[in-house]
Amino acid sequence: MKVALVNPAWSFDGSIYFGCRHEHLPLELGYAKALLEAAGHEALMLDGLLQDADNAALAARVADYRPDITVVTTAPTYLFWRCAPPELRVPAEFLAALAGRGGRTVAVGPHGSATPKPTLEKLGVDAVIRGECEETVVALAETSDWSQVDGVARLVDGALETRGPTMASPFVDHAPLVWPREWLANHPHHHHRFDEGPFVGHGAEVEASRGCPYDCAFCAKIDYRDKYRRRKLEHVLAEIDGLIAQGVGYLYFIDEIFLPQKALLEALIERPVVFGVQTRIDLWKPDLLELLGEAGCVSIEAGLESLTEEGREMLAKRCRMDTPELAALLVKARAHVPFVQANLIGTPTDSKEIVAHWREHLIARGVWANDPVPLYPYPSSPSYRELWGLPDDHAWERAHEHYLAAFDRFSDIQDERPRPLAELEDVCCGARA
């Protein structure tokens, strides 16, 4: 079976999208390609940003390949499934350009995982995969009867048919990924890196663990990347060594929560590469923070979220430290890592005075603390389900309208007021009942 795997050419005009807008490696498609080829199938993997191709050019390449199946993702790489663009405009643009020339079509990503019916209707694909997708893509290539594949949703005579639960990849045995050299050469971006450098080599994303043992209210991971799993260390290190050999000088671990792993950190000390992580600072002891810096960490994005115990409790952080203890650990981390950020979310418990006090305290000690950002209730997050219950066919529209109505200020990277979802999808997505 021939399968095309496509990360479309993303654009974010008018979107609420919070994630980074630079190029990143599409890890979910990389895993799927490796598993397809191991099972004896052929795979063509395309990426709009890394190959500097628009959606029409990507569609033309897929058409020339004449695949049996075309898979398109609805979020720009696993790193951003938790904060995907709510609108399906970009994958819809790619599918419209493909115009039926790619065989049977499949969408993967957070949209189909949480709300399969509207995703099928908007994109007009033959199926969506619910949950983590890599093994299920292979399962679809193995049979023509997709009604028997777990984790797949389809429209049959306009009605939704699903089989099995949302999927979670075993993940721990994933073999080392190998990326095309020209893709890495087109990846100068060092994700979430703000130190003074030197910035040596290409950037790349890797994954040492997946999921998180916590259930914070804001985190959209109920339907995918939920349960914590740790990948075999020898596979992670082999992938890193391959990337270094191809000229990569900076890695970003996309792990939801980069937990202390002494063996990995000690192995990184010996390697000519620096890296960034996202984590919770309250899970690190001072000696491990020192080891983290010694291993080459140059960027920590630490999810503090609220500056009050009440706020952290409201967000279900399950944090046992008070704010002064958390601040002290952040400052300790900054002594070993050149850039440390405390992520903050706007909560009603954190007054302007409290926020101003702690931001000033941290910034004066070299720790960046962002202006608190509004919380977007993604359909796969506990916050959505607390507000409205399980997501229905209008969940994304409901979350979007709530967000636009609730806030008059948005995040630092949103220069313009985000547009309504219906307006963003009006031209490219099919009419819905």
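From a predicted model like this one, the values you see are computed outputs, not experimental measurements.

Asker: How would you sum up the sheet that holds strand 6 (residues 152-156)? Please name residues and give values.
Answerer: Here we have 7 strands laid out as an open sheet, ordered 2-1-3-4-5-6-7, and mixed in their pairing. What marks the edges here is a single partner per strand, and that holds for strand 2 (42-47) and strand 7 (159-163). Each adjacent strand pair in this sheet contributes to an overall mean axis angle of 20 degrees, direction not counted. In this structure, strand 1 (residues 2-7) lies alongside strand 3 (residues 69-73), joined through 4 bridges in parallel fashion. Residue pairing in the sheet places Leu 5 in a bridge with Val 71 of strand 3. Along the sheet, helix 2 (residues 55-65) contacts strand 1, strand 2 and strand 3; its crossing angle with strand 2, the most-contacted strand, is approximately 170 degrees.

Asker: Can you tell me about the side chain of Arg 231, naming the residues and giving the values?
Answerer: The residue Arg 231 is located in the loop between strand 10 (229-230) and helix 8 (233-245) in this model. The exposure class assigned to Arg 231 is buried, which follows from its relative accessible area of 2%. Within the structure, Arg 231 has its side chain in polar contact with the backbone oxygen of His 174 (distance 3.2 Å). Excluding residues within four positions of it along the chain, Arg 231 makes contact with Tyr 31, Phe 171, Val 172, His 174, Ala 175, Pro 176, Leu 177, Glu 207, Ala 208, Ser 209, Val 236 and Glu 239.

Asker: Give me the lowdown on helix 6 (residues 134-141), citing residues and values where you can.
Answerer: Residues separated by three or four positions in an α-helix point in the same direction, a consequence of the helix having 3.6 residues per turn. Buried residues dominate helix 6, accounting for 6 of its 8 residues. Within helix 6 the residues assigned to the buried category are Glu 134, Thr 136, Val 137, Val 138, Leu 140 and Ala 141.

Asker: Outline the sheet that holds strand 13 (residues 297-305), listing residues and values.
Answerer: In a beta sheet, neighbouring strands are held together by backbone hydrogen bonds and run either parallel or antiparallel to one another. Strand order in the open sheet formed by 6 strands is 8-11-12-13-14-15, and the pairing between neighbours is parallel. In this open sheet, the two edge strands, each paired with only one partner strand, are strand 8 (202-206) and strand 15 (368-369). Note: strand 14 (residues 340-344) against strand 15, 2 bridges, orientation parallel. Within the sheet, the bridge partner assigned to Ala 342 lies in strand 15 and is Ala 369. Along the sheet, helix 8 makes contact with strand 8 and strand 11 (248-253), crossing strand 11 at roughly 145 degrees.

Asker: Pulling in residues and values, what's your account of the environment of Glu 28?
Answerer: Note that Glu 28 resides in helix 1 (residues 27-38). The spacing of Glu 28 and Thr 77 is 49 residues in sequence and 6.6 Å in space, taken between C-alpha atoms. A distance of 3.0 Å separates the side chain of Glu 28 from the backbone nitrogen of Tyr 78, its partner in a polar contact. Side-chain polar atoms of Glu 28 contact the side chain of Trp 81, separated by 3.1 Å.

Asker: I'd love a proper account of unusual backbone geometry, names of residues and values included.
Answerer: Here the residue pair Gly 197 and Pro 198 is connected by a cis peptide bond, since its omega of 15 degrees sits within 30 degrees of zero. The residue Pro 198 is located in the loop between helix 7 (181-185) and strand 8 in this model. In this structure, Ala 99 takes a positive phi of about 50 degrees despite not being glycine. In this fold, Ala 99 is placed in the loop between helix 3 (89-98) and strand 4 (104-108). Taking the relative accessible area as the measure of exposure, Ala 99 reaches 56% and is therefore exposed. For Ala 316, which is not glycine, the phi dihedral falls at a positive 60 degrees. Considering the arrangement of structural elements, one finds Ala 316 in the loop between helix 11 (309-314) and helix 12 (323-334).

Asker: Help me get a handle on helix 8, residues and values and all.
Answerer: Between its first and last C-alpha atoms helix 8 spans 18 Å; for 13 residues at 1.5 Å apiece the expected length is 18 Å, and the two agree. The inward-facing, buried residues of helix 8 contact helix 7, strand 8, strand 11 and helix 9 (262-269). Following helix 8 by one or two positions, Gly 247 has its phi on the positive side, about 95 degrees.

Asker: Which residues make up the nonpolar core, and what values do they have?
Answerer: Ranked by size, the top nonpolar core spans 103 residues in total, and within it Leu 5, Phe 253 and Phe 275 carry the most contacts. Dropping the residues within four chain positions of it, Phe 253 is found in contact with Val 206, Ala 208, Val 236, Ile 240, Phe 258, Leu 264, Leu 268, Phe 275, Gly 276, Val 277 and Gln 278. If you look at the next biggest cluster of nonpolar residues, it comprises 23 residues, including Val 6, Ala 53, Ala 107 and Cys 429.

Asker: Report on the pattern of salt bridges, specifying residues and quantitative values.
Answerer: Applying the stated rule across the entire model yields 25 salt bridges. Among the salt bridges present, the one from Glu 423 reaches Arg 419, with a minimum N-O distance of 3.0 Å. Residue Glu 423 is classed as partly exposed on the basis of its relative accessible area, which comes to 44%. Judged by its relative accessible area of 31%, Arg 419 is partly exposed.

Asker: I'd like a rundown of the packing of helix 9 against helix 10 (residues 286-294), residues and numbers included.
Answerer: Running from amino to carboxyl end, helix 9 crosses helix 10 at an angle of 35 degrees, the nearest separation of the two axes being 8 Å. Helix 10 is crossed by helix 9, and the crossing has left-handed handedness. Of helix 10, the residues touching helix 9 (which contributes Lys 262, Leu 265, Glu 266 and Ile 269) are Leu 291, Leu 292 and Glu 294.

Quick notes on the rules
- Residues numbered from 1 in each chain as written.
- Predicted model: local features only at pLDDT ≥ 70, side-chain atom pairs only at ≥ 80, totals over all residues.
- Heavy atoms only, no water.
- Pairing = 2+ DSSP bridges.
- Helix = DSSP H or I, 4+ residues; strand = E, 2+ residues; numbered from the N terminus.
- Axes fitted to C-alpha atoms, helices over the stretch in contact; angles between N-to-C directions.
- Contact = heavy atoms within 4.5 Å.
- Buried < 20%, exposed > 50% of the residue type's maximum accessible area, 1.4 Å probe, protein only.
- Polar contact = N/O pair within 3.5 Å; in protein donor to acceptor, adjacent residues only side chain to side chain.
- Expected span 1.5 Å × (residues − 1).
- Core = buried A, V, L, I, M, F, W, Y, C linked by side-chain atoms within 4.5 Å.
- Salt bridge = Lys/Arg side-chain N within 4 Å of Asp/Glu carboxyl O.
- Left-handed = near helix turned anticlockwise from the far one by under 90°.

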